[in-house]
Amino acid sequence: MKERSYKWWLLAFLFVTFILEQGTRQVYNAALPQIRLDFLSYGVTDTQLGMVGTVFGAVFGICLVGSGLAADFIGRKRVLVVGTLLFSLGVFGSGFAEGLACLLVCYGVLNAMGQCCIAPPCYSLISQYHGLDTRSTAMTIFQSAVYIGVIVSSVFAGGLAESGDGGWRWAFWISGGLGIAWAAALQADGPVVICLTRQTVQNLPIEPAKIDVAKGAYVASEDADFDTIIMATGSEVGLAINAAELLRAQGKKIRVVSMLLCPRMSASFAISCFTA
């Protein structure tokens, strides 16, 4: 990839990371009214709930200098990935809180330790790859992630928190889960895709070891000596597996093939998928 385009792709990745970091920082405040109601039964006071923010600020401030040094000596990518994973795990774990201690450890400590690792390597990378001709523009775009993250997360987390009993927990779980997935994408050396859907799709009973995306397709379900092949893509794979179960009840032997990307399939692998 040419350096001219690479520096903008790099900015895009850092932009998304900063949105997640700033967004997850707002989840607690947006969900706090509902957390307060749930925690009344545990005897947790408003003063104690306020300690979560105090602990976060203290840990963030103490660790911030160390994160900059770590980025210089260990590597900026490593610090960025570890930081994203840490704050995402902290936010995700906060959704399981049944009292003050879990919030203090997960949101106050882990979250802060992770979040302080984001800005130093990001600013360093932007300064390195964007010269004087584009640096101001790049910094402006990057900084706008703060406000986008704050606005989106506040509306999202607040809406979930008010959706019903335990809605605030889903705000933490979804925000943290997205961050964990993004951390996995950041550490990868090759192409990565995070797929989301608004459809109600079933969890497929497929062993992860059977899914080899690089080959373009995989066998999702099969019987020995199968006589019928069902091919499907995307959300239709679940329907295909359900159809296979109905046909098996009638005595048929079925193989279900999930077609991901036909151009990636080699001739030999395609033959292995469609022959016994």
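For the structure given in this document, a descriptive report is provided here. (Residues numbered from 1 in each chain as written. Predicted model: local features only at pLDDT ≥ 70, side-chain atom pairs only at ≥ 80, totals over all residues. Heavy atoms only, no water.)

### Section: the packing of aromatic side chains
What counts is decided by this rule: Note on aromatic contacts: the rings of Phe and Tyr and the six-membered ring of Trp form a pair at centre separations within 6.5 Å, being stacked when their planes are under 30 degrees apart, edge-to-face when over 60 apart, and tilted otherwise. Here a helix means four or more residues in a row that DSSP labels H or I, a strand means two or more in a row labelled E, and each is numbered from the N terminus. Only protein chains enter the accessibility calculation, which uses a 1.4 Å probe. A residue is then buried if its area is under 20% of the maximum for its type, exposed if over 50%, and partly exposed in between.
The full count for this structure, using the stated rule, is 13 aromatic pairs. Each ring, one from Phe39 and one from Trp168, has its centre 5.9 Å from the other, and the planes form 80°; the classification is edge-to-face. With Phe39 in helix H1 (residues 3-39) and Trp168 in helix H7 (residues 167-187), this residue pair connects regions lying 129 residues apart in the sequence. By the burial criterion, Phe39 is buried, and Trp168 matches it. Relative to Phe60, the ring of Phe56 has its centre 5.9 Å away and its plane inclined at 25°; by these criteria the two rings are stacked. Highlighted residues: Phe56 and Phe60, both in helix H2 (residues 46-73), separated by 4 residues, approximately one helical turn. Given a relative accessible area of 10%, Phe56 falls into the buried group.

### As for the environment of Gly177
Take Gly177: it is sitting in helix H7. Spatially, the C-alpha atom of Gly177 lies 9.8 Å from that of Leu85, the residues being 92 residues apart in sequence.

### A word on helix H6 (residues 135-161)
Defined as follows: Expected helix span is taken as 1.5 Å per residue step, with the number of steps being one fewer than the number of residues.
Along its 27 residues, H6 runs 39 Å from first to last C-alpha, staying within 8% of the 39 Å computed at 1.5 Å per residue. Within the sequence span of H6, burial applies to Ala138, Phe142, Ala145, Val146, Gly149, Ser153, Ala157, Gly158 and Ala161.

### Some thoughts on the packing of helix H3 (residues 76-94) against helix H5 (residues 119-129)
Rules: Under this scheme, a helix contributes an axis fitted over its contacting stretch, all axes are lines through C-alpha atoms, and angles between N-to-C directions fall in the 0 to 180 degree range. Here is the rule for handedness: rotate from the far helix to the near one, and if that takes an anticlockwise turn smaller than a right angle the crossing is left-handed, while a clockwise turn gives right-handed. Contacts are assigned to residue pairs that have any heavy atoms within 4.5 Å of one another. Classification used: nonpolar for Ala, Val, Leu, Ile, Met, Phe, Trp, Tyr, Cys and Pro, charged for Asp, Glu, Lys and Arg, polar for all others including Gly.
Closest axis-to-axis distance for the H3/H5 pair is 9 Å, and the angle between their directions is 140°. In the packing of H3 onto H5, the handedness of the crossing is left-handed. Residue-level inspection shows Arg76, Val79 and Leu80 of H3 in contact with H5, the latter providing Pro121, Cys122, Ser124, Leu125 and Gln128. Residues belonging to the contact of H3 with H5 are distributed by class as follows: 5 nonpolar, 2 polar and 1 charged.

### Let's talk about the environment of Cys106
Secondary-structure assignment places Cys106 in helix H4 (residues 100-115). Distance from Cys106 to Ser94, taken between C-alpha atoms, is 5.5 Å for residues 12 residues apart in sequence. Here Cys106 is in contact with Gly90, Gly93, Ser94 and Asn111, once residues within four sequence places are set aside.

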